[in-house]
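Structural features, examined
Listed below, chain by chain, are the residues.
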Amino acid sequence: MLHYVDLVRDPIYGYIYFTRVEEDVINSPIFQRLRFIKQTPGASWVYPSANHTRFEHSLGVMHLAGMLAEKILYKDERWKEELSEEEKDRIIQKVRLAGLLHDIGHGPFSHVFEEFLNSIGVDVNKINHETIGERIIKEKISEILKKHNFDDDDIEEITDWLMERRMGLGAIITKSINVDTLDYLVRDAYHTGTIEYG
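Each value, and the rule that gives it
The numbers attached to residues start from 1 for each chain and follow its sequence in the written order. A pLDDT threshold of at least 70 governs which residues receive local features in this predicted model, and a stricter bar of 80 or more applies before side-chain atom pairs are shown or counted, although totals over entire chains, interfaces and linings include all residues. Hydrogens are left out, water is left out, and the side-chain values use all remaining heavy atoms of the structure. Helix and strand definitions follow DSSP, with helices as H or I runs of at least four residues and strands as E runs of at least two, each counted in order from the N terminus. Three labels apply to residues, based on accessible area from a 1.4 Å probe with only protein chains included: buried if under 20% of the type maximum, exposed if over 50%, partly exposed otherwise in between. Two residues qualify as a contact provided that any one of their heavy atoms is within 4.5 Å of a heavy atom in the partner residue. To measure how exposed things are, a 1.4 Å probe is used in the Shrake-Rupley method; for residues, cover is taken only from the protein chains shown. The pairing criterion is simple: DSSP has to find at least two bridges between the two strands.

Quick word on the overall build of the protein chain
Along the protein chain, the regular secondary structure elements total 9 helices and 2 strands. In the protein chain, the succession of α and β elements from N to C terminus is β-β-α-α-α-α-α-α-α-α-α. Among the 198 residues that make up the protein chain, the fraction classed as buried is 47%. Of the contacts formed within the protein chain by residues at least 6 apart in sequence, a portion of 63% connects residues at least 24 apart. Element-wise, carbon and sulfur atoms account for 55% of the exposed surface of the protein chain, whose accessible area totals about 10,700 Å².

A short note on the pairing of strand β2 (residues 14-18)
Relative to β2, strand β1 (residues 6-10) is paired through 5 bridges, and the arrangement is antiparallel. Following the sheet pairing, D6 is matched in β2 by F18. Where β1 hands over to β2, the hairpin turn is made up of 3 residues, counted between the paired strands.

This is how it looks when you write it as structure tokens:
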């Protein structure tokens, strides 16, 4: 099992634990800026408590991704004997990092920023929060990951999962039924006071 070094209290899941590499990513300025990017920009005009950010959403997605990856790798009979505990933990850590970093490319006002880019003629099929996120991971976050013994192949695997270029356990972040959606449905409902829909 992963070695957790610290924790935060979340209104949705209770305690969210994180490893040393996750702590270093979370404490980086590029990740800390997510504290200032609202998850549902503009919603607070109708739902005054909808002030939650991409920061806590990313922590929630990391948490759910880790829980699901652990269940699959440690409880599913097909995986029990196939991989060593060390290999399983390495995969779980990469899946958790993918969850943590899945929204790292968001700009001001979240998706509204992409609409702005589109309005000024930028092709959002080529430049959007996913492609910006991939660049941030490869150019900024990779330095942190490499200090924790992640190599270029590990970083490529994480970005391939997020860009949906590679299948595997990391697909639980972005594919049809995914932990990103599972978190934001409950989190948005909690913060807007519409919990009966979440």
